[in-house]
Structure formats: structure tokens, C-alpha cells
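This is what each chain is made of:
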Amino acid sequence: MNYFNHLKSFISAWSESPLNSLSLDAPWDLTSESASIVQLLLKQMDLTEYSVNDNIAVHRTTIIESGAVLKGPLVIGPQCLVAAGAYLRGGNWIGERCTFGPGSELKSSFVFAGTKLAHFNFVGDSILGERVNLEAGSIICNYRNERDDKLVLAMSQGSLISTGRDKFGALIGDDCRLGANAVVAPGALLRPATVVPRGSVLDQERGHANRDA
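Residues numbered from 1 in each chain as written. Predicted model: local features only at pLDDT ≥ 70, side-chain atom pairs only at ≥ 80, totals over all residues. Heavy atoms only, no water.

Thoughts on the pattern of salt bridges
Tallied over the full model, the rule gives twelve salt bridges. Its salt-bridge partner being Glu 130, residue Arg 131 comes within 3.3 Å of it at the nearest N-O pair. For Arg 131, a relative accessible area of 41% corresponds to the partly exposed category. With a shortest N-O distance of 2.9 Å, Asp 203 and Arg 144 are connected by a salt bridge. On the criterion of sequence distance, the pair formed by Asp 203 in the segment after β24 (201-202) and Arg 144 in the loop between β16 (139-140) and β17 (153-156) is long-range, its members being 59 residues apart. The pair formed by Asp 203 and Arg 144 is uniform in burial state, with each residue classed as buried. Several salt bridges share partner residues, and in doing so they unite Arg 144, Glu 146, Arg 147, Asp 203, Glu 205 and Arg 206 into one network. (Salt bridge = Lys/Arg side-chain N within 4 Å of Asp/Glu carboxyl O. Buried < 20%, exposed > 50% of the residue type's maximum accessible area, 1.4 Å probe, protein only. Helix = DSSP H or I, 4+ residues; strand = E, 2+ residues; numbered from the N terminus.)

Describing the sheet that holds strand β21 (residues 183-184)
The strand order β4-β7-β10-β13-β16-β21-β24 describes an open sheet built from seven strands, whose pairing is parallel. Two strands lie at the open edges of the sheet, namely β4 (69-70) and β24, each paired on one side alone. Across three bridges, the pairing between strand β10 (residues 105-107) and strand β13 (residues 122-124) is parallel. Paired with Lys 107 across the strands is Gly 124, a residue of β13. (Pairing = 2+ DSSP bridges.)

Focus on the packing of aromatic side chains
All told, the structure shown has three aromatic pairs when counted by the stated rule. Here the aromatic rings of Trp 14 and Phe 112 are separated by 5.7 Å at their centres, their planes lie at 35°, and the arrangement is tilted. Remark: Phe 112 occurs in the loop between β11 (110-111) and β12 (116-117) and Trp 14 occurs in the loop between α1 (3-7) and α2 (27-32); sequence separation between them is 98 residues. Grouping residues by exposure puts Trp 14 and Phe 112 together as buried. Pairing Trp 93 with Phe 112 gives two aromatic rings, centres 5.2 Å apart and planes at 65°, and the pair type is edge-to-face. Taken together, the residues span a long stretch of sequence, with Trp 93 in strand β8 (residues 92-94) and Phe 112 in the loop between β11 and β12 at a distance of 19 residues. Residue classification places Trp 93 among the buried residues on the basis of a relative accessible area of 9%. Look at Phe 112 and you get buried, because its relative accessible area is 3%. These aromatic residues form a ring-pair network of at least three members: Trp 14, Trp 93 and Phe 112. The ring of Tyr 143 carries the charged tip of Lys 167 above its face, separated from the ring centre by 5.8 Å. (Phe/Tyr/Trp six-rings, centres within 6.5 Å; stacked < 30°, edge-to-face > 60°. Lys NZ or Arg CZ within 6 Å of the ring centre and 35° of its normal.)

This is how it looks when you write it as C-alpha cells:
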């Protein structure tokens, strides 16, 4: 099954994004190749709109506060805010009007318009749709540190499937919300408008709060 095409419905803006032209079979194929994909996107930047230095492209309307750490390859779209203490690394593509608050960390991920990481968040190897909101302390895990077998599994159409990867976080649909200190375990596929209550753990592999694809 082509899971990647199946899951495009999670992000309404996918077809208009530069990621739509990529030939991939699954979300974890995208995140595992994030650095090379973002490197390719960097070559397409409009230099009248973006400032490009050291494999980092920042739209000229975006605010980067002193103390933020940016590591390429990286693309940050228009009207974003990256606050002091934010840390972006590992190959990231970020759409417009996104916010990364103090202490937030983004690694090897793709983030669509209007999404916010409030503060003290971690998001690893993930794809976040439009208007996703992570309250303080909520995280999206990308690695099964608790067990010997690190292979990440994902729940799709009622069955666990292997991603073939030892690092994959989540595909988070448009308008999802994670409450403060919520934890999303590796391999999650969250349909649009899913709410993860504050202080909870969502682990679809174990059947917790299971709203799979």
C-alpha cells in the first residue's frame, strides 16, 4: 500500500507545498531523508524573499531572536517567530506563521503553516500539519529507548506496520492539539483535529488513545 498517498488527507495544504513533488511511499521515508530533501529545497529559494547563509534560508519577514540556535539544512518560511532558546537542527522545513518558543527543539521535521511549539517542547523526525498546537512541555518522541528492539511500528487501518526505521516520530494532521506535558510515542498517525489531553501518553502501538489512519 502507498501509505504516503493515503496519508496526504491529514494535511490539506500538502498538494500545494514543494513537498508534493517528492516520490516517496510513506511519511517515514520523508523524515529519514530530511537533510537531503531540505538541501534540495534550498536550491529553489527566491533570494529576493529569503536570506540564505550556511545552508539556512530564512524569509525576510521572519523574526529570529538572539539566542536561538539554527543548524542547516533549514528552511524557515514567512512571518515565523523563533524565540531565544529554541533549537532547530537535523534538516527542517518550516512553513509560514509558525512559532517556536523558548526551549523548543525541532529535529529532522516538516512543519506546515500556523503551527506552534509553545515552549519546552521536543519534536523529532515528524510531519506536522497546519495549525497544530503544542502546549508547554508536550513532546513527540522519535525513538523507542525503553526496549531492545528499536524498530518503530505505526498503526494503519487497524494493523501495526513496520516503518523500517529506528527513528520516526509522528504524522500529525491539521488542527491537532497536544496539551501541556502530553507525550506522543513514536509511530503515531493522528488524524486532523485530534486532541491529546494534557499530562497524557498517547502510544498507538499499545492501543492507547488509538485514532489511527
